[in-house]
Amino acid sequence: MKLFSHGGGCGDSCCLRVQNLSVCIGGDNILKDVNLHVHCGEMVALIGPNGAGKSTFLKAILGQREYDGIIAFSAPGERSRKPRIGYVPQSPAFDPSDPISVADLFACCQSRRPAFLGLSKAARKDILETLDMVHGADLIDKRVGTLSGGELQRVLLALALEPMPNILILDEPLSGVDVEGMQSLMDMLDEIRKTCDLSILMTTHDFSMLPRYADQVVLIDHGIKIKGSPETVLNSEEFRTAFHMKGGKA
Ligand code: ADP
Ligand code: MG
């Protein structure tokens, strides 16, 4: 993985800089010459049609895809360290009959102790504190397979926030979530990025949320077609072309 700190260009603020990123899978150019700069505390939304390369872009940043180009991170006082990245994957499916609880899921992800040995009091307290950040302490004993789309996203978000990352990456966190759940998830992300000064990079097909929450919207279709404020991107010709709209506004 070619993820390293870089000097200069961002003043005192931390940032993620992607330069000339290209990803080729099986001889196909999935992404070509992607350039993007994300400042700390910024919410960046990646949009684009299905198959445009959005998830591939996130996976390259996570180090799960080979790529050409540079993915660099810098933070004040942390110039030589790799960033901590929190990742919320695209809706994993859990079986409703599976007995695994939210507490078990945390225990499996965060400790080497087998879930069947049960949780220590201290571990349960830590999990409750983490879940509280997403207003989800009441979910601790629920079975994961029975959670609503919005509840599951909040649990996965809590898992990604422990330990607190520098960059939070979410792949379509709003899919399968009802309107009320979307609103509360976006409010939560907004609060977390402001209080913790972390960058958020998320993909979404829900454009209605963008004007209120995104600082920067990036339209990807195998390369960046346009990036800028939500208003600029959603009212652009590039946006209408990518989503086959004949005219009018988003
Ligand atoms: P998006 O998230 O924008 O819907 P993806 O990044 O998942 O798009 O996929 C972009 C393109 O790359 C698609 O054509 C997909 O089939 C291809 N692709 C992604 N991952 C792989 C893989 N592991 N092997 C082969 N092709 C892949
Ligand atoms: Mg995807």
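Everything here concerns the structure above.
Model, not experiment: these values are computed from the prediction.

Caption draft 1: Structural view of the packing of aromatic side chains. In total, this model carries 3 aromatic pairs according to the counting rule given. With 5.2 Å between their ring centres and 75° between their planes, Phe 207 and Phe 239 make a pair best called edge-to-face. A residue pair is termed long-range when its members are at least 10 positions apart, and Phe 207 in the loop between β8 (199–203) and α6 (210–213) and Phe 239 in helix α8 (residues 237–242) qualify at 32 residues. The same class applies to Phe 207 as to Phe 239, namely buried.

Caption draft 2: Structural detail: the nonpolar core. Ranked by size, the top nonpolar core spans 50 residues in total, and within it Ile 47, Leu 157, Leu 168 and Leu 189 carry the most contacts. Beyond its immediate stretch of four places on either side in the chain, Ile 47 contacts Lys 54, Thr 204, Phe 207, Leu 210, Val 217, Val 218, Leu 219, Ile 220, Val 233, Phe 239 and Phe 243. One finds Val 18, Leu 46, Leu 62 and Leu 201 within the second-largest nonpolar core, a separate group that totals 24 residues.

Caption draft 3: Spotlight on the site of ligand 1. All residues adjacent to ligand 1 are Ile 25, Ile 30, Pro 49, Asn 50, Gly 51, Ala 52, Gly 53, Lys 54, Ser 55, Thr 56 and Arg 65. Ala 52 has a polar backbone atom sitting 3.1 Å from an oxygen atom of ligand 1. Thr 56 is positioned such that a nitrogen or oxygen atom in its side chain is 2.5 Å from an oxygen atom of ligand 1. Among the residues forming the shell around ligand 1, the class breakdown is 4 nonpolar, 5 polar and 2 charged.

Each value, and the rule that gives it
- All residue numbers refer to position in the chain's written sequence, counted from 1.
- Following the order in which they are written, the chains are lettered starting with A and the ligands numbered starting with 1.
- Only residues with pLDDT of 70 or above have their local features reported here, since the model is predicted, and side-chain atom pairs are shown and tallied only from 80 upward, although totals for entire chains, interfaces and linings are computed over all residues.
- Excluding hydrogens and water, the side-chain figures rest on all heavy atoms present in the structure.
- Note on ring pairs: Phe, Tyr and Trp rings are taken, using the six-membered ring of Trp, and paired if centres are within 6.5 Å. Classes follow the plane angle, with under 30 degrees stacked, over 60 edge-to-face and the rest tilted.
- Strands here are runs of E lasting at least two residues and helices are runs of H or I lasting at least four, both read from the DSSP assignment and numbered beginning at the N terminus.
- For the exposure calls, accessible area comes from a 1.4 Å probe over protein chains only, and a residue counts as buried if that area is under 20% of its type's maximum, exposed if over 50%, partly exposed in between.
- We call a set of buried Ala, Val, Leu, Ile, Met, Phe, Trp, Tyr and Cys residues a nonpolar core when their side-chain atoms join them within 4.5 Å.
- Note on contacts: a residue pair is in contact if any heavy atoms of the two residues lie within 4.5 Å.
- We call a residue near a given molecule or strand whenever any one of its heavy atoms falls within 4 Å of it.
- Residues adjacent in sequence count toward polar contacts only when both atoms are side-chain atoms; beyond that, a polar contact is any pair of N or O atoms within 3.5 Å, and within protein one must be able to donate a hydrogen and the other to accept it.
- Residues are grouped as follows: Ala, Val, Leu, Ile, Met, Phe, Trp, Tyr, Cys and Pro are nonpolar; Asp, Glu, Lys and Arg are charged; all remaining types, including Gly, are polar.

Function cannot be inferred from these measures alone, as they are strictly geometric.
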